[in-house]
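Here's the letter readout for the chains.
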Amino acid sequence: MKLIKLSLAVMLAMATASFGADSLEDAFKDGKFKGQFKFVYTNGSDSNAVALANDPAEGANTGSIAVDMRYLTGDYYGFKLGLGFEAAHDLEFHNEDGGSEDDTRNTVSAAHLHEAFLQYSFLKSNIKVGRQTIKLPMTLTSSAFALEDSFDAAVLTINEIPS
């Protein structure tokens, strides 16, 4: 029984080591960079005069521009490092049209490191630990705003079970 466990552990270690870069330097060279620019415009409706009198944000127009840059290293013995930076700038449309905007996700001027995680892949599964973007209906995340939501989390994805 011990021989079977040892053989399985050796096979798993060899399978993990046989993929990816030979050195940490190669893992960084084999990394992938991606980025995007976004322009977000929100047009408030002023068709309801009563709502406009009670809530000045009802008739506000807002706009923001944003940049998102991400880097993911190549595989190094099953490990990958991910880093992501995003920045946004409010164009202050709401100041020009007389309205006000109370949702700071629409009128944000900020920059931050929104992803910094370590990922380990094994067999058909992986675990990712650190600050990361998670898109699930339960987290109520949205790409409609200039900056995306990020979370400090440990996420285990298991794909061993056939569908």
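Residues numbered from 1 in each chain as written. Predicted model: local features only at pLDDT ≥ 70, side-chain atom pairs only at ≥ 80, totals over all residues. Heavy atoms only, no water.

**Some details on the pattern of salt bridges**
For step 1, the next point in the chain: Counted according to the given criterion, the structure contains four salt bridges.
For step 2, the next point in the chain: Between Glu25 and Lys29 there is a salt bridge; the shortest N-O distance is 3.3 Å. Here Glu25 pairs with Lys29, and both are found in helix H2 (residues 24–29), just four residues apart, close to one helical turn. This pair shows no difference in class: Glu25 is exposed, exactly as Lys29 is.
For step 3, the next point in the chain: One salt-bridge network, in which partners are shared between bridges, spans Asp68, Arg70 and Glu115. (Salt bridge = Lys/Arg side-chain N within 4 Å of Asp/Glu carboxyl O. Helix = DSSP H or I, 4+ residues; strand = E, 2+ residues; numbered from the N terminus. Buried < 20%, exposed > 50% of the residue type's maximum accessible area, 1.4 Å probe, protein only.)

**Remarks on the pairing of strand E3 (residues 79–90)**
For step 1, the next point in the chain: Bridging between strand E2 (residues 61–72) and E3 involves nine bridges; their strand directions are antiparallel. Considered in E3, the bridge of Leu72 is made with Gly82.
For step 2, the next point in the chain: Connecting E2 to the next strand, E3, in antiparallel fashion are six residues, including Tyr77 with a positive phi near 55°.
For step 3, the next point in the chain: Two elements, E3 and strand E4 (residues 110–122), share ten bridges in a ladder whose sense is antiparallel. Counterpart to Lys80 in the pairing with E4 is Gln119. (Pairing = 2+ DSSP bridges.)

**So, the packing of aromatic side chains**
For step 1, the next point in the chain: Enumeration over the complete set of coordinates arrives at three aromatic pairs.
For step 2, the next point in the chain: For the pair Tyr76 and Tyr77, a centre-to-centre distance of 4.7 Å together with 80° between the ring planes defines the contact as edge-to-face.
For step 3, the next point in the chain: Judged by relative accessible area, Tyr76 falls into the partly exposed class, the value being 26%.
For step 4, the next point in the chain: With relative accessibility at 36%, the residue Tyr77 sits in the partly exposed group.
For step 5, the next point in the chain: Aromatic side chains Phe79 and Tyr120 sit 4.6 Å apart centroid to centroid with 40° between the ring planes, which places their arrangement in the tilted category. (Phe/Tyr/Trp six-rings, centres within 6.5 Å; stacked < 30°, edge-to-face > 60°.)

**As for the side chain of Gln119**
For step 1, the next point in the chain: By secondary structure assignment, the location of Gln119 is in strand E4.
For step 2, the next point in the chain: Residue Gln119 is classed as buried on the basis of its relative accessible area of 11%.
For step 3, the next point in the chain: Residue contacts for Gln119: discarding those within four places in its chain leaves Gly78, Phe79, Lys80, Asn126, Ile127 and Lys128. (Contact = heavy atoms within 4.5 Å.)

**As for a nonpolar patch on the surface**
For step 1, the next point in the chain: Where nonpolar side chains cluster on the molecular surface, the patch consists of Leu24, Phe28, Phe33, Met69, Tyr77, Phe79, Leu81, Leu83, Phe85, Leu113 and Leu118 and spans about 990 Å² of accessible area.
For step 2, the next point in the chain: Counting only elements with at least two residues in the nonpolar patch, the list comes to H2, E3 and E4.
For step 3, the next point in the chain: The dominant element in the nonpolar patch, judged by the number of residues it contributes, is E3, at four residues.
For step 4, the next point in the chain: The partly exposed category is assigned to Leu113, whose relative accessible area is 48%. (Patch = residues over 30% accessible without salt bridge, like charges linked within 9 Å, V, L, I, M, F, W, Y side chains within 5 Å. Areas by Shrake-Rupley, 256 points an atom, 1.4 Å probe, with all protein chains shown as cover.)

From the geometry alone we can't say anything about function, so treat these as descriptive.
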